[in-house]
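Geometric and topological summary
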Amino acid sequence: MDSLIRIAPGALTIGRPLPWDVFDADGNVLLRQGYVIQTNTQLEQLFERGRFKPRKIERKKEKIQEDQRQRNPFADYADLLATLEATRNAITSEDPSAQKRLLGLARMLERTCQEAPDASLALVHLYSIGPTIHEQILFYGILCHFTAREFGLDEKRTSVLTAAALTANLALVPVADQLNASTRVLTDDQRAVIRKHPHRSIQALTSAGITNKLLLKIIAQHHEQADGSGYPEGLSGTDILPEAEILALSERYVAMITKRAYRNRMTITAARKLIATLGDGKVRPAIPRSLLQVLGEYPPGMLVRLDNNEVGVVTGRAVRARGPFVKAIFGPRGNRYSGTFERDTSVPEYNIQGAEEPEEMPSMDFSLLWGFRN
């Protein structure tokens, strides 16, 4: 098939779910998105035989077309990442299309969150073990969207926050993956780059013609803290926008559950407990409460063990007196089910016994688990 291209070395990693379906040269599916590569031999075979479908965007030169398809976060994951990278490139190159691209990307992400909220939140947890900087930025946008709505921001302010989350770290992108992979203590130069990144991101945006005052103010303030200990201005209290605090908390949560070369990742359970302590003067207490409400006790994408000893993945948050909902993938004796079984964990037999948080996720067909047709 002409539309398929060979997978480049470095595009896939052992222990991480595949970001897209993998095909052979004839277009037959070899592995579904969500499969976890286990060995170097499997990895080499995929580089030798594997193909994937690259994103195709047909646009008129003068207009950025907005994709109006029904949203499936898993099928759209690679497209969202590619669109984010293209938007960043447009901004840094001062392309006249930069603002339209950013608005289109923010709308695309918000539509995805609105149409498939649990599946969108699941992306954050299914791909959190070792995400790239572009994946992390996408996660910030998802968490900001949901937390802002829970906090009570209106649609317009939420949309501006989503766009800010997608651009606040523009200046860090060239060095972020290198920093995350480093096992050494940060140098003074590296610390300076980190501290200056809000200002440099704002410079890039304004140079590209993106001058929304609220968006730029959110980015400028997202490392300030209510007790005055943040940077760059040492602002405190209500001088800091709630949007900036929501972005900061979203970044912090992703950092907690993300594996870095210089430290282990926190479990989702431990991260939630830490967030619950943050209403101590660092941020408005209602903001961590809003994020915790969005996540629920067991966020979508998290693995759990049930009272009947099955292990499954949380696919839906609790609704009224029912749930959370889990798709069981392992039987009580540890055997892998050939299919999946939905469990309402409000039923005593299927109560959640506790979290299962392995360093390597088991293989899953994400679209199938969440009921999307491939």
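Residues numbered from 1 in each chain as written. Predicted model: local features only at pLDDT ≥ 70, side-chain atom pairs only at ≥ 80, totals over all residues. Heavy atoms only, no water.

Let us now look at the overall build of the chain. Of regular secondary structure, the chain possesses 13 helices and nine strands. Across the 374 residues in the chain, those meeting the buried criterion constitute 51%. For the chain, long-range pairs separated by at least 24 residues make up 65% of all intrachain contacts whose partners lie at least 6 apart in sequence. Summed over its atoms, the accessible surface of the chain is roughly 17900 Å², and 49% of this surface lies on carbon and sulfur atoms. (Helix = DSSP H or I, 4+ residues; strand = E, 2+ residues; numbered from the N terminus. Buried < 20%, exposed > 50% of the residue type's maximum accessible area, 1.4 Å probe, protein only. Contact = heavy atoms within 4.5 Å. Areas by Shrake-Rupley, 256 points an atom, 1.4 Å probe, with all protein chains shown as cover.)

Before going further, it helps to examine the sheet that holds strand β7 (residues 325–330). An order of β8-β7-β6-β5-β9 is seen for the five strands of this open sheet, with the pairing classed as antiparallel. At either end of the open sheet lies a strand with only one pairing partner, and these are β8 (336–344) and β9 (352–356). Across the sheet, the mean angle from the axis of one strand to that of its neighbour is 35 degrees, orientation sign disregarded. Across five bridges, the pairing between β7 and β8 is antiparallel. The partner of Phe325 across the bridge, within β8, is Asp344. (Pairing = 2+ DSSP bridges. Axes fitted to C-alpha atoms, helices over the stretch in contact; angles between N-to-C directions.)

Once that is clear, we can look at the nonpolar core. If you look at the biggest cluster of nonpolar residues, it comprises 87 residues, and the most contacted ones within it are Leu126, Leu215 and Tyr253. Look past the residues within four positions of Leu126 in its chain and what remains in contact with it is Pro17, Phe74, Gly301, Met361, Met364, Phe366 and Trp370. In this structure, Leu12, Trp20, Val22 and Phe52 belong to the second largest nonpolar core, which totals 11 residues. (Core = buried A, V, L, I, M, F, W, Y, C linked by side-chain atoms within 4.5 Å.)

Moving on: the pattern of salt bridges. In the structure shown here, the tally under the stated rule is 10 salt bridges. Between Glu135 and Arg16 there is a salt bridge whose closest N-O contact spans 2.8 Å. Of this pair, Glu135 sits in helix α5 (residues 133–151) while Arg16 sits in the loop between β1 (5–6) and β2 (22–23), and the two are 119 residues apart along the sequence. A residue is classified by how much of its surface remains accessible, and Glu135, at 3% relative accessible area, is buried. We note a salt bridge from Glu310 to Arg343, for which the minimum N-O separation is 2.8 Å. (Salt bridge = Lys/Arg side-chain N within 4 Å of Asp/Glu carboxyl O.)

For the rest of this paragraph, the subject is unusual backbone geometry. Trans peptide bonds make up most of the peptide bonds, and negative phi angles are found at most residues other than glycine. The omega angle of the peptide bond from Tyr231 to Pro232 is 10 degrees, so this bond is cis rather than trans. Position of Pro232 relative to the elements: it lies in the loop between α9 (213–221) and α10 (242–256). Note that the residue after Gly323, namely Pro324, is joined by a cis bond; omega there is 0 degrees. Turning to its location among the elements, Pro324 is positioned in the loop between β6 (311–316) and β7. Residue Glu94 is not a glycine yet carries a positive backbone phi of 55 degrees. The backbone phi angle of Arg320 is positive, close to 55 degrees, even though this residue is not glycine.

Now for the packing of α10 against helix α12 (residues 286–295). One can describe the packing of α10 onto α12 by two numbers: an axis separation of 10 Å at closest approach and a directional angle of 50 degrees. Judged on the interaxial angle alone, α12 and α10 are oblique. With respect to the hand of their crossing, α10 and α12 are arranged in right-handed fashion. Contact with α10, carried on its side by Pro242, Glu245, Ile246, Leu249 and Tyr253, involves Ile287, Pro288, Leu291 and Leu295 of α12 and no other residues of that element. (Parallel < 35°, antiparallel > 145°, perpendicular 65-115°, else oblique. Left-handed = near helix turned anticlockwise from the far one by under 90°.)

Before going further, it helps to spend a moment on the environment of Asn308. Tracing the backbone shows Asn308 in the loop between β5 (303–306) and β6. Overall, Asn308 belongs to the buried group, its relative accessible area being 19%. Taking the C-alpha atoms as reference, Asn308 lies 8.7 Å from Gln353; in sequence the two are 45 residues apart. Not counting chain neighbours up to four residues away, the residues in contact with Asn308 comprise Pro332, Glu349 and Tyr350.

Topologically, Leu81 is positioned in helix α2 (residues 73–92). For Leu81, a relative accessible area of 15% gives the class buried. With 54 residues separating them in the primary sequence, Leu81 and Glu135 have C-alpha atoms 6.8 Å apart. Those residues in contact with Leu81 that sit more than four places away from it in its chain are His134, Glu135 and Leu138.

Direction vectors running N to C along α2 and helix α4 (residues 117–126) enclose 60 degrees, while the axes themselves pass 10 Å from each other. Along this stretch, α2 crosses α4, giving a crossing that reads as right-handed. Contacts from Pro73, Phe74 and Tyr77 of α2 reach α4 at Ala119, Ser120, Ala122, Leu123 and Leu126. Residue composition of the contact of α2 with α4, by class: seven nonpolar, one polar and no charged. (Nonpolar A, V, L, I, M, F, W, Y, C, P; charged D, E, K, R; others polar.)

Our next topic: the environment of Arg305. Looking at where Arg305 falls in the secondary structure, it is placed in strand β5. Counting along the chain gives 27 residues from Arg305 to Pro332, while the straight-line C-alpha distance between them is 9.3 Å. Those residues in contact with Arg305 that lie beyond four places of it in its chain are Glu310, Val311, Asn351, Ile352, Gln353, Gly354 and Glu356.

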